[in-house]
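Chain by chain, the residues run as shown.
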Amino acid sequence: MTDAPAPLLEFCDLRKTYETTAAVDGVSLAIAQREFVALVGASGSGKSTLLKTVNRLVDPTTGTVRFEGENVESLPLAALRRRIGYVFQSIGLFPHMRVDENIAIGPRLVGEKLADGRIAELLELVDLDPALAARMPDELSGGQRQRVGVARALANEPHLLLMDEPFGALDPITRDALGERVRALHEELGLTTVMVTHDMAEALLLADRVLVMHAGSVVADETPHALLDGAGGEIAQGLVAVPRAQADRLAELAR
Amino acid sequence: MNDIGIALLGLGDKLAAHVLLSASAIALGIAVALPLAIWASRSPAVARATLGFASLVQTIPALALLALFFPILLSLRAVFGEGLPTLGFLPSLLALSLYALLPILRNAVTAQANLDPGVIEAADGVGMSFWQRLRLVEAPLSAPYIMAGIRTAAVWTIGAATLSTTIGQPSLGDPIFAGLQTQNWVLVLAGCIASAGLALVADALLGMIEKGLATRRRLLAAGGLGAVVLGILAALTVQFGSSDDDRIVIGAKSFSEQYILARLIGQRLEAAGYSVDYRDGLGSAVAHRAVSTGAIDVLVDYTGTIWTNQMERRDNLDRDAMLAEIIEWETRTSGTHVLGRLGFENAYGLAMPRAKAEAGSFESIGDLAARAPRMIIGGDPEFFERPDWFGVRDTYGLRFAERRNFSPTFMYNALQSGEADVIGAYTSDGRIAADDLVFLDDPEGAFPNYDAIVLLSPETGAHERIVTALSPLVGAIDVEAMRAANLSVDREEDQLSFDEAARRLAQRVGL
C-alpha cells in the first residue's frame, strides 16, 4: 500500500445545494490515472453536477476537488479548463467557425496556432476525413459533429477527459461506433476519462469502474464485472436489470 | 419637377450637416447601447431597467425631446461652465442618440438572450475568458441582429434629425420648415425627398453589412462599411472644407418675417465683407436665449415678447418706457446689445375678415364680448398660452365657444373658410392686406407693444464694424413695407425667395 500513485482526481466531502435541495450530498472518492469511470444514475441524481465541479462549470457549496494534486479553486479558471477536455450532449460547436477553427480554438486562446497537420491528425483520431476541416458545422451530420467535439476536446492534449452524456443525442449505430472509438483513444492517449451517462449498458461496456449515484450520493462503486455478478446493492442492480433483461429476451428470440 | 431638382441641388450643405448629425447620433447610440447590452445580458434587472428606460424615451415625441435638452443643458452649465452649448449640434446629438438607443439595445439584448446555451457552455468549457467569449463567440453570433437594430435606428434618426432645425441645428429640416411656413411645397418636397433618400441609402448600405455578417461574406460587409465611411467623409469635407470660424450667425424664428429680416441683415453684413450663416426656425424662447448666450450673433426680436416672456412682466408701459427698461434689463442680465427699433410693430391683434366685421359692426375688441360665446377663435400654438392673451381675455371679458390652434399659415386659411371667426393675428403680416382683414381696436391697450428690435449677442455688440454695418436698419422699415415683403413670400402665386424678398425690401426702403 506504500507506493500507490497519487490519484489524478479527488473529491473530498463535496456538497452542492440549490436553495433547499442537495444536488450533490457529500461525495468523497478518488479516481486514479488512466481509469475510465462511468457515472450512472437517473435524471436528477447529481451525476452531471458532480462532473461539472471538476472544470468548475459548477462551484461546490462546500468540499473540495483536487486535480493532479491541486485544489481546482486555487487554479485560474481558464487555465484549469484548458487542461481538461470537455465533451457534452449538445456538443456546442461554434456555428460561425469552420471545423478546423473549432478544433484549434483551445490553442488559439493561449496564442498558439494549431498546425494543419495536427488538425488532420485529430480528425483521423475520431475517424473523420481530414477534408472536412474546411466545412461549417451545419454541413455535418450529428455523429460527425460530436466527433469534431471530441477532437476539439483533445486538441490541448489534456490528461483528463470529462464527458457529459456525450452520445445521448446520437443514433444507436453512431453511438456504438463513437463509444468504441473513445474507449480506444482513452487507451492510445493514456487518458483518464469520466463519463456521465444514464445508460447502464453503455457504462458496463465502456468503463473500468462504474459509480452509481442516487439523490446526490454515490451508492455503488464497482467494476462492471462485479455489478453483473450482483454486487452494488439494490439501486445499482435495478439499473443493471434493464440491459440484462433485454439481453435475455434477445437471446431467447434468437433461439 | 425642374424646380424640385434645383431645390435639391441647393441642399448640399444641409445634407452634409444632416449626415454628420445622424452618423454621430447613431455612433453615440451604439457606443452606449452595446456596453449596456453586455451588462444587461449578465443581469436581468439591468435588462429590465435599460429597456424600460429606452422604451420610455421612445414615447416622448421627438420634437419635445429635442426641445427638452435646451433647459437640461442650460442647468448643466452650473457644472460644465458657460461654454457648454445649449443649442445646435450638442442637444440634437444627445436627443437623437437617446432615440437611437432603443432599437440597438433591444436587438442586442434579444440576440444575447437567444444565443444557444450549448455554445456558451462550450465557450466556457474550452476555457475562454470573459472577453474571449465576448469577442470570439457572442459578438460574431449577435452581430447580424445588432446590425438589424442599427438599421432601424438609422432610419428613425435620419427622419427625426429634420426636427433638429427647431433648436438651431442645420439639417434637411431647414427647407421643410421654411417651405411649410410659406406654403412653398417645392421646398418642402425637396427636403422630404432628400431626407427620405438619405434614409433609404443608409438602410441599403447597412443592410449590405448585415447580410455580409449573417452569411459570413466579408467582402460584402466591408463594401457596405466602406460606402458608409466614404459618405461620412464626403459630408465632413463639405462641412469643414470651406469653413471659417469668423462667420456671423443670424437667427430666425419660424415665420416669414424673421426669415426675410435675417436675409436682410445677412446681405448687409456680406456687403461689409463678413461671411454669414443662418439658424432658421428657432423657437421663440430658444432664439432669445441663443442670442444672449452668443450661440447666435444677431436676432430680430420684439419688445412685447421680451417683456412678457423673458422679463415676466405683467404690467403694460408705453413703448418708449418699455424699450428703455428692456435695454437696461438686457445690459444687466446678459450684456446683450439692443441696436434699436426697425420701425414697425409686429403685435398680436384680433383680426376678422372686413366683410364679417362690417356686417356684424365689430370695431373694437369690446364688441366681441357679448357675442363671443357663439364664436370660434383661432390662434397659433403659442397664442393661448401667452400672458397677453390672458390680459386681453380678462380686460374685455372674452369667453369664446371654442378655441382652435393652427400653424400660422393655416390660421389665415381657417379664417377664410369659416373654421374660425376671429384669430390672433400679427399686425405686420402680409396676409392682412391680401386677405382684406381688419384688426379690432384695443381701446384699453391690453395687447402690449411689439416693436421689432435688433439684438446683438454680447460679443457681437462690441464689434464696431458690425454695429456700423447694421445701424442704418434702425427706423428704416415701416409696417407697410414689411407687410408687402411678408406677402411676397407668403402668397400662393409668384412667390419670392427670402433672399429676393429681402433685396426688394432693402430697395423699397432705400437701404
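Residues numbered from 1 in each chain as written. Chains lettered and ligands numbered in written order. Predicted model: local features only at pLDDT ≥ 70, side-chain atom pairs only at ≥ 80, totals over all residues.

Quick look at the sheet that holds strand 5 (residues 70–71) of chain A now. Residue and element names in this part refer to chain A. Taken in spatial order, the four strands make up an open sheet running 2-1-4-5, and their pairing is antiparallel. A strand with exactly one partner marks an edge of an open sheet, and here the two such strands are strand 2 (21–31) and strand 5. Bridge analysis of strand 1 (residues 9–18) against strand 4 (residues 62–67) gives five bridges, and the strand direction is antiparallel. Each bridged residue has a counterpart across the sheet, and for Glu-10 the counterpart in strand 4 is Arg-66. (Pairing = 2+ DSSP bridges. Helix = DSSP H or I, 4+ residues; strand = E, 2+ residues; numbered from the N terminus.)

With that settled, consider the nonpolar core. Counting residues in hydrophobic clusters, the biggest one holds 145 residues, and the most contacted among them are Tyr-99, Ile-104, Leu-105, Ile-260 and Val-454 of chain B. Counting residues per element, this core draws most heavily on helix 2 (residues 12–42) of chain B, which supplies 14 residues. Aside from chain neighbours lying at most four places away, what touches Leu-105 of chain B is Ala-33, Leu-36, Ala-37, Thr-50, Leu-51 and Ala-54 of chain B. Formed by 77 residues, the second largest nonpolar core is a distinct cluster that contains Ala-104, Ile-119 and Leu-123 of chain A together with Leu-136 of chain B. (Core = buried A, V, L, I, M, F, W, Y, C linked by C-beta atoms within 7 Å. Buried ≥ 20, exposed ≤ 12 C-beta atoms within 10 Å, placed from the backbone. Contact = placed C-beta atoms within 7 Å.)

On to the domain arrangement of chain B, then. Residues and elements named next belong to chain B. Once the domains are mapped, chain B shows domain 1 (2–241), domain 2 (248–347 + 449–509) and domain 3 (348–439). Computed from C-alpha coordinates alone, the two centres of domain 2 and domain 3 are separated by 25 Å. Each side of the interface is counted separately: domain 2 has 19 residues, and domain 3 has 16 residues. No other element matches helix 22 (residues 479–490), which puts seven residues into the side of domain 2 that touches domain 3. Here the residues of the side of domain 2 that touches domain 3 sort into eight nonpolar, five polar and six charged. (Domains from an automatic or database assignment. Nonpolar A, V, L, I, M, F, W, Y, C, P; charged D, E, K, R; others polar.)

A negative phi angle is the norm for most residues apart from glycine, just as the trans form is the norm for most peptide bonds. All names here are of chain A. One non-glycine residue with positive phi stands out, namely Arg-34, at about 70 degrees. Here Arg-34 shows up in the loop between strand 2 and strand 3 (36–41). Judged by the 16 C-beta atoms lying within 10 Å of it, Arg-34 falls in the partly exposed class.

Listed as interface residues are 17 residues of chain A and, on the opposing side, 15 residues of chain B. Counting only elements with at least two residues in the side of chain A that touches chain B, the list comes to helix 2 (77–82), strand 6 (84–88) and helix 4 (105–109) of chain A. Taken together, the residues that form the side of chain A that touches chain B break down as nine nonpolar, five polar and three charged.

The next thing to look at is the packing of helix 2 of chain B against helix 7 (residues 130–160) of chain B. All names here are of chain B. At a minimum axis distance of 10 Å, the contact between helix 2 and helix 7 shows a crossing angle of 140 degrees. As summarised for this structure, helix 2 and helix 7 are arranged oblique, according to the angle between their axes. In this structure, helix 2 meets helix 7 at a crossing whose hand is right-handed. For the pair helix 2 and helix 7, contact is made by Ser-22, Ala-25, Ile-26, Gly-29, Ile-30 and Ile-38 and by Leu-134, Ile-150, Ala-153, Ala-154, Thr-157 and Ile-158, respectively. (Axes fitted to C-alpha atoms, helices over the stretch in contact; angles between N-to-C directions. Parallel < 35°, antiparallel > 145°, perpendicular 65-115°, else oblique. Left-handed = near helix turned anticlockwise from the far one by under 90°.)

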